[in-house]
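The primary structure of each chain is shown beneath.
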Amino acid sequence: MTDHPTVDGAAIDLDRLAGTTYTAVFSDVCDSLGLRDQTCAPGLTPVVTGGGTALGWARTARSVAVSGPPPRPYGAEIDFIDSLRPGDLVVATCDEPAALWGELFSTAALGRGARGAVIDGLIRDRDKIATMPFPVFARGYRPTDSLARVAISGTDEPITVAGVPARTGDLVVADSDGIVVVPRDVVAEVVPRVLEKATTEDKARGLLLEGGLLADVWERFRVL
């Protein structure tokens, strides 16, 4: 895996971004650059709503149906999670009706320094995951174990998550509104614009709360 993008030679502060930005502003900035299809289709929802913004570097995995237990139970899943680095955010897909992700996987990923998981498939242990400082987004829930039903078939390969292409190293932003995937090669351009737009929106919000007219605020800041 290659190093992550930087801005003016400095590492991108993921905590700052998560604390001051959100999916809508990332989507707007991507739109302004002609990237109008970076928002995942509705259906992937957070285990806990109101948990703020999950933001990190994509680590991709694809899970497929299997006909029986592998020689090494959960082997591919264990290897994938053990390879996670601080700042990573799991992005995984599975079309089969078994839970790809659960509380112990979340615990292990959190211990590795990962920042969350987006699972385009089913998960389990919802109540336990809800108590953890590890945001998880999923398509649905089912207690059915993955063993001998599904297994990771590939990691760090291009996948499509809820209609959006995702690659390892892309920047993934997720909150209660949905999920945005920012391609790695435009991250350095997107991040400064996102921070600027979020600051502008804060100013516009302040004027509106003071009774300013929406038309005047629009003319001044060009944000809505």
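Note that this is a predicted model, so its numbers are computed, not measured. (Residues numbered from 1 in each chain as written. Predicted model: local features only at pLDDT ≥ 70, side-chain atom pairs only at ≥ 80, totals over all residues. Heavy atoms only, no water.)

Visitor: Sorry, what's going on with the side chain of K197 here?
Guide: As for its placement among the helices and strands, K197 is situated in helix α6 (residues 187–209). Taking relative accessible area as the criterion, K197 reaches 17% and is therefore assigned buried. At 3.1 Å, the side chain of K197 and the side chain of D28 are in polar contact. Ignoring anything within four residues of it in the chain, the contact list for K197 reads V25, D28, V29 and V223. (Helix = DSSP H or I, 4+ residues; strand = E, 2+ residues; numbered from the N terminus. Buried < 20%, exposed > 50% of the residue type's maximum accessible area, 1.4 Å probe, protein only. Polar contact = N/O pair within 3.5 Å; in protein donor to acceptor, adjacent residues only side chain to side chain. Contact = heavy atoms within 4.5 Å.)

Visitor: Explain the packing of aromatic side chains to me, please; I cannot follow it from the model alone.
Guide: Aromatic ring pairs are described here by two measures, namely the spacing of the ring centres and the angle between the planes. What the rule picks out here adds up to one aromatic pair. Here W101 and F105 contribute two aromatic rings whose centre-to-centre distance is 5.5 Å and whose plane-to-plane angle is 75°, an arrangement assigned as edge-to-face. In this structure, W101 and F105 share a single accessibility class: buried. A cation sits over an aromatic face here: R126 above Y141, 3.9 Å from the ring centre. (Phe/Tyr/Trp six-rings, centres within 6.5 Å; stacked < 30°, edge-to-face > 60°. Lys NZ or Arg CZ within 6 Å of the ring centre and 35° of its normal.)

Visitor: Would you take a moment to explain unusual backbone geometry for this structure?
Guide: Comment: phi is negative for the bulk of residues other than glycine, and the bulk of peptide bonds are trans. For D125, which is not glycine, the phi dihedral falls at a positive 65°. Topologically, D125 is positioned in the loop between β7 (117–123) and α5 (126–130). Phi angles above zero are rare outside glycine, and R222 is one such case at about 55°. Mapped onto the elements, R222 comes out in the segment after α7 (214–221). For R222, a relative accessible area of 47% puts it in the partly exposed group.

Shape descriptors only; they carry no functional weight alone.
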